Each structure stands twice: as C-alpha cells, then as structure tokens.
Amino acid sequence: LVLDLEDGLPAGRKAEGRERAERAAVEAPVWLRISAAGTRDGDDDLALCRDLEGRLAGVVLAMCGGPDDVAHVADSLPAGTPIVAMVESAAALLAAPAIAAHPATRRLAFGTGDFRRDTGMAADRIALSWPRAQLVVASAAAGIAGPIDGPCGPIEQARDAALHAVAMGFTGTLALQDAAVAGAHTGFTPSPAEVEAARSLLSATPDGPVDGSYAPTLARARALVERAEALAAL
C-alpha cells in the first residue's frame with residue numbers, strides 16, 4: 001500500500017494529506033509516493049519522511065528525471081531507504097539506465113499516464129511496448145528486480161493487464177483501486193500447470209542444456225517458479 005502525496009492530492013489538500021500519512025505511520029511503517037525532487041511539494045514531502053523516524057518503509061519518487069533526482073532524495077533520507085523511481089517522461093526514459101544503476105534505486109516504475117501525455121502515445125500495447133521494454137532492459141542491466149508497470153486500468157481488465165506485464169518482463173503493477181488487486185494477483189500468479197511444467201523442465205536439465213540457445217527458456221522457467229513460490233508465501 002502506497003500513500004500518494006503527489007497526484008492523489010489536490011494542491012489545496014497537500015498539508016492535510018501529509019498529516020494523514022503521519023497518523024497512518026503510527027500504526028505501521030508506510031510507503032509514500034512523494035512529489036518530484038527539487039519542487040516545493042517534494043521538499044515538504046521529504047521533510048515529512050525525515051520526521052517519521054523509522055516509520056517510513058520506502059518512497060516512490062514521482063516524476064524522476066534522472067539519477068540526480070534519486071541522489072537528492074537518497075541524501076535527504078536515512079541511509080538504505082528503498083526508492084522506487086517512477087519514469088514518467090521521454091527524458092526520464094532515455095535516462096532510465098542511469099536511474100536504475102544508481103545505488104539507491106530499488107526498482108523502476110512506469111508512470112504510463114504522464115508518459116503518454118508527454119509523448120503523445122496512445123494507451124496501446126504496441127505503442128507502449130518499446131518504453132516498457134526499455135525499462136525492463138535498464139533494470140536487468142543494473143541488476144535490480146524487474147520494473148513495476150503503470151496502473152492496471154479498470155477492475156475488469158486488471159488480470160489481462162497483469163498478464164501482459166509479466167510477458168513484458170515486469171514484476172509488479174500499480175493498482176489505483178483495491179478491487180483491482182485480486183485480478184492483478186491472479187495475472188501475476190502462475191497456474192499449477194505452468195509451475196509443474198517449469199519444474200519438470202528445470203529438473204530435466206539440472207546442469208544446463210547442451211545448446212546454449214535454450215538458456216532463455218530455462219531462465220523464464222526459473223523465474224516463473226521463483227515468482228510462484230514468492231506469491232505462495234504471501
């Protein structure tokens with residue numbers, strides 16, 4: 001659960017939102033989506049994060065423009081605070097490898113709405129396949145977990161959106177409505193048949209295939225089993 005201090009709050013209610021987030025942190029550590037680095041709202045959000053004193057689980061940095069933004073946020077927070085950097089513009093996409101490579105970046109996330117507004121791209125899977133692939137490649141090159149996809153859309157489309165995200169190499173998706181979470185979980189959870197097939201494949205080639213071109217198939221099978229085990233543990 002991420003408490004949104006950026007787009008989720010109108011300008012006139014930012015202070016109220018921060019007060020509510022601070023009260024929520026009394027119950028359990030919270031994730032906060034904070035405004036862009038270097039902005040007034042971003043600085044106020046970071047001040048709140050510092051005041052939480054151990055009650056901050058991590059931050060989602062909206063409108064991350066480059067590694068300098070990650071550095072600014074990381075320097076303003078306790079060492080080791082997880083940062084999920086949201087890529088939401090054309091310039092940020094081109095900087096995605098450097099953003100992902102910053103030591104403080106835990107994951108990348110795709111802000112599809114603002115990205116489409118910036119680029120003029122339609123909400124079309126083919127149109128957005130290239131930017132999605134860029135985030136997956138940047139994450140893999142940096143050695144961090146696969147990125148988090150943008151909001152999964154209407155509740156009835158959540159499962160299908162999650163299936164597409166998995167196929168693209170994403171390891172999570174955002175959901176704006178709690179009713180969409182079940183569909184997203186279903187999309188990310190491998191079926192028993194898929195898990196059985198993947199385990200059979202891995203057990204049949206314990207030392208790796210003779211043909212190196214088979215390695216991608218094994219890698220996907222291994223990732224599928226790991227994902228199934230992680231979700232089963234929730």
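Heads up: the structure comes first, above all this text.
In this report, we go over the structure that sits alongside the text. (Residues numbered from 1 in each chain as written. Predicted model: local features only at pLDDT ≥ 70, side-chain atom pairs only at ≥ 80, totals over all residues. Heavy atoms only, no water.)

A few points about the overall build of the protein chain
Looking only at helices and strands, the protein chain has eleven helices and seven strands in total. A compact globule built from 234 residues should have a C-alpha radius of gyration of about 17 Å, and the protein chain, at 19 Å, falls within 12% of that. Based on the C-alpha atoms only, the size of the protein chain along its principal axes is roughly 60 × 35 × 35 Å. Contacts spanning at least 24 positions in sequence make up 63% of the contacts within the protein chain whose residues lie at least 6 apart. (Helix = DSSP H or I, 4+ residues; strand = E, 2+ residues; numbered from the N terminus. Rg over C-alpha atoms; globule rule 2.2 N^0.38 Å. Contact = heavy atoms within 4.5 Å.)

Some words on the pattern of salt bridges
Evaluated as defined, the whole model comprises eleven salt bridges. Two residues, Glu88 and Arg33, come together in a salt bridge whose shortest N-O distance is 3.6 Å. Highlighted residues: Glu88 in the loop between β4 (83–87) and α4 (90–94) and Arg33 in strand β2 (residues 30–34), separated in sequence by 55 residues. Classification of Glu88 as buried rests on a relative accessible area of 3%. Overall, the relative accessible area of 12% leaves Arg33 in the buried class. Taken together, the shared-partner salt bridges connect Asp4, Glu6, Arg33 and Glu88 into one network. (Salt bridge = Lys/Arg side-chain N within 4 Å of Asp/Glu carboxyl O. Buried < 20%, exposed > 50% of the residue type's maximum accessible area, 1.4 Å probe, protein only.)

Thoughts on helix α9 (residues 181–188)
Of the residues making up α9, those classed as buried are Gly183, Ala184, Gly187 and Phe188. Down the axis, α9 shows its buried residues gathered within 130° of arc, on one side only. Close packing links the buried residues of α9 with α8 (158–168), β7 (172–173) and α11 (215–232). (Arc of directions from axis to C-beta.)

Here we look at the layout of surface pockets
Considered as a void within the structure, the second largest pocket measures approximately 370 Å³ in volume. What lines the second largest pocket is a set of 19 residues, among which Ala123, Arg132, Pro151, Cys152 and Ala161 lie closest to the centre. Elements with a contribution of two residues or more to the lining of the second largest pocket: α6 (112–119), α7 (125–142) and α8. Residues that form the lining of the second largest pocket fall into these classes: six nonpolar, seven polar and six charged. (1 Å grid on protein atoms, 1.4 Å probe; cavity = no way out; pocket = protein on both sides within 12 Å on 5 of 7 lines; lining within 4 Å. Points joined across faces, edges and corners; volume = space filled by probe spheres on them. Nonpolar A, V, L, I, M, F, W, Y, C, P; charged D, E, K, R; others polar.)

Some details on unusual backbone geometry
For Glu53, which is not glycine, the phi torsion reads 45° and is therefore positive. Residue position: Glu53 is located in the loop between α2 (40–51) and β3 (56–61). Residue Glu53 is classed as exposed on the basis of its relative accessible area, which comes to 67%. One non-glycine residue, Met63, lies in the positive phi region at around 50°.

Some points on the environment of Ala145
Within the secondary structure, Ala145 sits in the loop between α7 and β6 (148–149). Given a relative accessible area of 38%, Ala145 falls into the partly exposed group. It is 26 Å that separates the C-alpha atoms of Ala145 and Met121, two residues lying 24 residues apart in sequence. Setting aside chain neighbours within four positions, we find Ala145 in contact with Arg106, Arg107, Ser139 and Thr171.

Overview of the nonpolar core
By size, the foremost hydrophobic cluster in this structure holds 43 residues, and its most contacted members are Leu32, Ile34, Val59, Val73 and Leu108. The contacts of Ile34, once residues within four sequence positions are left out, are Glu6, Asp45, Leu46, Cys49, Val59, Val60, Leu61, Ala62 and Val73. Within the second largest apolar cluster, nine residues are counted, among which are Val195, Leu218, Val225 and Ala228. (Core = buried A, V, L, I, M, F, W, Y, C linked by side-chain atoms within 4.5 Å.)

A look at α7
Taking 1.5 Å of rise per residue, the 18 residues of α7 would be expected to cover 26 Å, and the 25 Å separating its terminal C-alpha atoms lies within 8% of that figure. Taken as a whole, α7 carries its principal kink of about 25° at Pro131. Residues of α7 that are buried include every one of Leu128, Pro131, Arg132, Leu135, Val136, Ala138 and Ser139, and no others. Capping the start of α7, Asp124 holds a side-chain oxygen 2.9 Å from the backbone nitrogen of Ile126, two or three residues further along. (Expected span 1.5 Å × (residues − 1). Bend = angle between axes of the 7 residues up to and from the residue. Polar contact = N/O pair within 3.5 Å; in protein donor to acceptor, adjacent residues only side chain to side chain.)

Quick word on the environment of Gly54
With respect to the helices, strands and loops of the structure, Gly54 is situated in the loop between α2 and β3. For Gly54, a relative accessible area of 68% puts it in the exposed group. Counting along the chain gives 46 residues from Gly54 to Ala100, while the straight-line C-alpha distance between them is 25 Å.

Considering the side chain of Glu88
At 2.6 Å, the side chain of Glu88 and the backbone nitrogen of Met63 are in polar contact. Every residue in contact with Glu88, bar those within four places of it in the chain, is listed here: Arg33, Ala62, Met63, Gly111, Asp114, Phe115 and Asp118.

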